[in-house]
Amino acid sequence: MYWMQEQKRHENLTYLALWSMLFAVPVLSLYLRSVNDEHFSFRWEEVFMIWQLFGVYLLLFLIHNFLIAPLLVYRQKRVLYFCAVAAMVGVFFVYQCSNRPERRHRGMHKGAPQEMVEHRTHEFGTPPDFNHEPPPHERHDTFRGPRGHRPPAFIGEHDIIALIVLVLMLGMNIGIKLYFKSRHDAKQMIALEKENLEQQLEYLKYQINPHFFMNTLNNIHALVDIDSEKAKDTIVELSKMMRFILYEGDKKGVPLTREFEFIRHYVTLMSLRYTDKVEVTVDLPTETPDYELPPLMLITFIENAFKHGISYQHESFVHIKATVDDHQLHFTCANSKADKPNDERVREGGVGLANVKQRLNLIYGKNYTLNIQDNPETYLVELKIPLA
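Residues numbered from 1 in each chain as written. Predicted model: local features only at pLDDT ≥ 70, side-chain atom pairs only at ≥ 80, totals over all residues. Heavy atoms only, no water.

**A word on the confidence of the model for the protein chain**
Looking at the protein chain as a whole, its pLDDT mean stands at 77, while 73% of the residues score no less than 70. When mean pLDDT is taken per element in the protein chain, strand 5 (residues 328-336) scores highest with 94 and helix 5 (residues 114-124) scores lowest with 43. Scored below 50 in pLDDT, residues 103-132 makes 12 contacts in the model with residues more than four places away or belonging to other chains. (pLDDT = per-residue confidence, 0-100. Helix = DSSP H or I, 4+ residues; strand = E, 2+ residues; numbered from the N terminus. Contact = heavy atoms within 4.5 Å.)

This is the structure we're talking about:
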């Protein structure tokens, strides 16, 4: 609603500026002429005559702008709009043809008093004899009247020019209205896309959190029967991670240091349940520039590495590394592949990867690079995203 009012105000100011300049033109023109020509005197009567003509156009413009143009621009009633415009143009054309200056002058001469004729006789000589009928050989034009005069034309050059000016004025009005409407529609579309983007991101976050806690609680449940002390340590690490999700997970961006700290807690929690056969390395910067990252963006790749890359029968590994260089985050996560990964885990991992890819597309568009190499024995994820 605010945008619509703002657009309407800008549109009306544009019309006000254009009409103000148009009404100022005759005043400025006559003033400059009176300054440059000492025999010419500035007369407001001439200005008022021109303003009277402009007033007719202004009246038609207001009718079109507030009553007729909205039929086409806002209500999409094309037939009704063109019918209304045709009716208005027709009325204007009849008015223009019946109020030409030459018609008024002709009527004045026809009923002119005798003293005016005598005055013009004294000034210009003997007037022509209007009662004198030309010889028959001169009356060859069948379109002339009995006295040799053409009948007055209904359509004149000035009428056609006035009609063209009116059509151009209406076209200008429609053009300006469509321009401001397109600006309003563009802003509204951007707002809707932004709102839709935020809703999708919130939906994806709500999907990630239950998915993450489900996997973590499964790990704790497995540790309770194996090693109760490790299970207690796992609960402590989980509480730290829950604090991060509770206070940072709903933000658009979190500092890199907080995101890396969350990853370290998660890796510590996961490492508690594995033996020395599993090699887990974490290479994350301890001090990073003042950059922010969408929360829980990297954890999905690490979850999948632990779910699908750990084997209890053979030696396996998970290598996590991140570097910050030239306003970019370069993240890699490599893991071995288990011999027979659980089908349920594969399905869950697919959902997690689909979510994180969708988040990357929504947030970064085409400004990120995600390279996944699924080899027979290893799985590698490389991610490059710009930092802000």
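**Remarks on the nonpolar core**
Counting 43 residues, the largest nonpolar core has Leu298, Ile302, Phe306, Leu329 and Phe331 as its most contacted members. Looking at this core, the elements that each hand over two or more residues are helix 7 (228-248), helix 8 (256-271), helix 9 (299-309), strand 4 (316-325), strand 5, helix 10 (343-364) and strand 7 (378-386). Residue contacts for Phe306: discarding those within four places in its chain leaves Tyr266, Val267, Met270, Tyr274, Val280 and Val318. (Core = buried A, V, L, I, M, F, W, Y, C linked by side-chain atoms within 4.5 Å. Buried < 20%, exposed > 50% of the residue type's maximum accessible area, 1.4 Å probe, protein only.)

**Describing helix 8**
Between its first and last C-alpha atoms helix 8 spans 22 Å; for 16 residues at 1.5 Å apiece the expected length is 22 Å, and the two agree. If you check which residues of helix 8 are buried, you get Leu256, Glu259, Phe260, Phe262, Ile263, His265, Tyr266, Val267, Leu269 and Met270. (Expected span 1.5 Å × (residues − 1).)

**Here's the deal with the packing of aromatic side chains**
All told, the structure shown has 14 aromatic pairs when counted by the stated rule. Consider the rings of Trp19 and Phe23, whose centres lie 6.2 Å apart with planes at 45 degrees: the pair is tilted. Of this pair, Trp19 and Phe23 both sit in helix 1 (residues 2-36), 4 residues apart, roughly one helical turn. Comparing Trp19 with Phe23 shows no difference in burial state: the two are buried. Geometrically, the ring pair formed by Tyr266 and Phe306 is edge-to-face, given 6.1 Å between the ring centres and 75 degrees between the ring planes. Of the two residues, Tyr266 sits in helix 8 while Phe306 sits in helix 9, which places them 40 residues apart along the sequence. Site record: aromatic cluster; members linked through ring pairs are Tyr15, Trp19, Phe23, Phe42, Trp44, Phe48, Trp51, Phe54 and Phe61. The aromatic ring of Phe40 is capped on one face by Arg33, whose charged end is 4.2 Å from the ring centroid. (Phe/Tyr/Trp six-rings, centres within 6.5 Å; stacked < 30°, edge-to-face > 60°. Lys NZ or Arg CZ within 6 Å of the ring centre and 35° of its normal.)

**What to know about the environment of Val224**
Among the structural elements, Val224 can be located in helix 6 (residues 157-226). Taking the relative accessible area as the measure of exposure, Val224 reaches 46% and is therefore partly exposed.

**Here we look at unusual backbone geometry**
Even without glycine at this site, Gln76 takes up a positive phi of about 55 degrees. Along the polypeptide, Gln76 turns up in the loop between helix 2 (44-73) and helix 3 (78-98). One non-glycine residue, Asp326, lies in the positive phi region at around 55 degrees. The residue Asp326 is located in the loop between strand 4 and strand 5 in this model.

**What about the sheet that holds strand 5?**
Here we have 5 strands laid out as an open sheet, ordered 2-4-5-7-6, and mixed in their pairing. One side of each edge strand has no neighbouring strand; the edge strands of this open sheet are strand 2 (278-283) and strand 6 (369-374). The average angle at which neighbouring strand axes cross in this sheet is 5 degrees, direction not considered. Inspection of the sheet shows strand 2 paired to strand 4 by 6 bridges, in the parallel sense. Considered in strand 4, the bridge of Thr281 is made with His319. Across the sheet, helix 9 touches strand 2, strand 4, strand 5, strand 6 and strand 7, and the angle it forms with strand 5 is around 10 degrees. (Pairing = 2+ DSSP bridges. Axes fitted to C-alpha atoms, helices over the stretch in contact; angles between N-to-C directions.)

**A look at the packing of helix 8 against helix 9**
For the pair helix 8 and helix 9, interaxial distance at closest approach is 11 Å and the crossing angle is 15 degrees. One way to sum up the angle between helix 8 and helix 9 is to call them roughly parallel. With respect to the hand of their crossing, helix 8 and helix 9 are arranged in right-handed fashion. The residues of helix 9 that touch helix 8, namely those facing Phe262, Ile263, Tyr266, Val267 and Met270, are Ile299, Ile302, Glu303 and Phe306. Tallied by class, residues from the contact of helix 8 with helix 9 come to 8 nonpolar, no polar and 1 charged. (Parallel < 35°, antiparallel > 145°, perpendicular 65-115°, else oblique. Left-handed = near helix turned anticlockwise from the far one by under 90°. Nonpolar A, V, L, I, M, F, W, Y, C, P; charged D, E, K, R; others polar.)

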